[in-house]
Amino acid sequence: MPEDPDAGRPTSPPRTLPGQDGTPTGRAAAAAIGVVVVVTLTVAALLVRPSFVTASADEQPHAAVSTSSVVPTGEVTRAEVTVDGMSFVPNIIEVPVGNALQVTLVNTGDQRHDLEFANGATSGVLAPGEQATVDVGVIGTDLAGWCTLPGHRQMGMVFDIVAVGSGTTASTDGTDTAAGHSMDGSMTDHSTHGSANGTAATTDANAPTMAALVQAAKDIPAYPAELPPLSNATEHRYTFRVTEQVVGVVPGLTRAVWTYNGTSPGPILHGRVGDTFHITLVNDGTMGHSIDFHAGQVAPDEPMRTIEPGQSLEYTFTAARSGIWMYHCSTMPMSSHIANGMFGAVVIEPDDLPAVDHSYVVIQSEQYLGPDGEPADAAKVAALVPDVVAFNGTAFQYDAHPLAARVGDRVRMWVLDVGPNSSLAFHVVGTQFDTVWSEGAYRVLRGASTDGRTAGTTGAQVLSLLPAEGGFVEFVPLEAGHYAFVNHEMSLAEKGAHGQLAVSD
Ligand SMILES: [Cu+2]
């Protein structure tokens, strides 16, 4: 995605009132301008009233093209619209009231898009290079449009039809629709829209309770947290198939997930410094997807490109440095593709890493629940307020199915925060870490010190990670019991970033 967070967002067209461009005006003209200003301000005040804004777009979509209040002119306005990144170009057009409108959408973007209007007229989903013409109908008042692919509307793929002329035309709510008000109405509209799919925002719905999540975790097997063993191979070959499916969250609520090889996280890869990984990415989904491996250094252009359904690409990288490295889909909006499950880890061990009794991998991610069966609610993603936070894809799954160790065992936990947005203060209740390795460096190393005096007596309580950061901790439980491992940002732990290590004698 573009580095500029504002890239792709719609911009308001410049508005200049008569006389404001410095043109000399006479007394009569000044009086007329005054009237124009007053009228414009009055209408603008009406436009910011939520009831008006709502009525003009979503709530009564068909009013926008109601022929009962519009006299068709018999004329047809035609417009061609292209795609640049996550924007329609142009993203606003003026149409004389009473004209029929035909919009031809040419998808010049790098992934699938559509253009749907509030009255239901739609181009249908278009692959890159495809085009379609939408009969929008006879234009009576302003009409909003947007791309319905998940997250695209929030990224700025919105489109406005501004009805101009025919100041005597009344809309169905009785409000004057004189030309001149429309720009304000259209711009105000954007901030009041709901989720990506044109449904109402669901920020106060769908959040399952902790009890329901804990119960649901008991009904499904846990994602294997054991780090896969190292092989002697120095060349690793994998095929990653992208699929899209629906999984349960709690009874009565499912969500759409997008995955690599059917699981979220995707496969955990394990190798040594210097190993080469050959990945074949196959897109078996219904929209564009891609992959970005932080474990290697490559020019992003080709291997990280978005591929269409049915296509594949080869992605080869050599792991020159140790770490627990994130991989993820990098198709826009990345926040949604990651939140919908497209992430995983590559563990590249530092040289001479000592053997331990248990090596586990814990990956934290967030879920932003939309309506039943739908992918992440893009408005919630943008607001950075997850409904669920999970270790290895499912909330509380290691409370339902605890990890295991024995008293005196050395336990190493590799930890990665894939976000997309929340941080992780990783803590294991009842233990102290005698070794902490974070983003390429030991912060604490048992039996060693940097000042020569504190060997064996330093420790840590938290491995703190921002999104895309990773590391590992080591500890030795001294007594049998149940040791919770948590995100010590407690509200996130209570949303599911919580598990248990069961230690036996
Ligand atoms: Cu994707």
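The rules we used
- Residues numbered from 1 in each chain as written.
- Predicted model: local features only at pLDDT ≥ 70, side-chain atom pairs only at ≥ 80, totals over all residues.
- Heavy atoms only, no water.
- Helix = DSSP H or I, 4+ residues; strand = E, 2+ residues; numbered from the N terminus.
- Buried < 20%, exposed > 50% of the residue type's maximum accessible area, 1.4 Å probe, protein only.
- Contact = heavy atoms within 4.5 Å.
- Areas by Shrake-Rupley, 256 points an atom, 1.4 Å probe, with all protein chains shown as cover.
- Pairing = 2+ DSSP bridges.
- Axes fitted to C-alpha atoms, helices over the stretch in contact; angles between N-to-C directions.
- Donors = N, O, S within 2.8 Å, 3.2 Å for Na, K, Ca; no water.
- Tetrahedral: all angles 85-135°; square planar, octahedral: opposite > 155°, others 65-115°.
- Polar contact = N/O pair within 3.5 Å; in protein donor to acceptor, adjacent residues only side chain to side chain.

A.B. asks: When you look at the overall build of the protein in this model, what are you seeing that I'm missing?
C.D. replies: On a plain count of helices and strands, the protein comes out with 9 helices and 27 strands. Of all 505 residues assigned to the protein, the portion counted as buried reaches 50%. If you take every contact in the protein between residues at least 6 apart in sequence, the share linking residues at least 24 apart comes to 73%. Surface summary for the protein: the accessible area is close to 21,700 Å², and the carbon and sulfur share equals 53%.

A.B. asks: Is there a simple way to think about the sheet that holds strand β20 (residues 411-419) in this case?
C.D. replies: The strands making up a sheet are joined through hydrogen bonds of the backbone, oriented either antiparallel or parallel. As summarised here, the arrangement of the 6 strands in space is β18-β17-β20-β25-β22-β23, forming an open sheet in which the pairing is mixed. At either margin of the open sheet sits one strand with a lone partner, and together these are β18 (388-391) and β23 (441-444). Within the sheet, the average angular offset between the axes of one strand and its neighbour, ignoring direction, is 20°. One ladder, built from 8 bridges, connects strand β17 (residues 358-367) with β20; its direction is parallel. Residue pairing for β20: Gln364 is matched across the bridge by Asp417.

A.B. asks: Got a minute to help me understand the coordination of the copper ion in this structure?
C.D. replies: For a metal with four tetrahedral donors the ideal donor-metal-donor angle is 109.5 degrees, whereas six octahedral donors ideally subtend 90 or 180 degrees. The protein atoms that coordinate the copper ion are His289 (ND1), Cys329 (SG), His337 (ND1) and Met342 (SD), at distances of 2.1 to 2.6 Å. Its 4 donor atoms give the copper ion angles of 86 to 137° at the centre, a pattern that matches the irregular case. Going along the chain, you hit the donors of the copper ion in the pattern H-x39-C-x7-H-x4-M. Within this pair, whereas His289 is found in the loop between β12 (276-283) and β13 (292-293), its partner Cys329 is found in the loop between β15 (323-328) and α6 (334-339), the two being separated by 40 residues in sequence. The exposure class assigned to His289 is buried, which follows from its relative accessible area of 0%.

A.B. asks: It is not clear to me how the side chain of His113 should be interpreted in this structure. Could you clarify?
C.D. replies: Looking at the element boundaries, His113 is found in the loop between β4 (100-106) and β5 (116-117). Accessibility expressed as a relative area gives 0% for His113, which makes it buried. For His113, the side chain forms a polar contact with the side chain of His152, separated by 3.1 Å. Filtering out sequence-adjacent residues up to four positions away, His113 remains in contact with Val83, Gly85, Met86, Asn107, Gly124, Val125, Leu126, Cys147, Leu149, His152 and Met157.

A.B. asks: In this structure, what is going on with the environment of Arg237? I would like to understand it.
C.D. replies: Looking at where Arg237 falls in the secondary structure, it is placed in strand β9 (residues 235-250). By relative accessible area, which is 63% here, Arg237 ends up exposed. Here the alpha-carbon distance between Arg237 and Phe277, two residues 40 residues apart in the chain, equals 6.0 Å.

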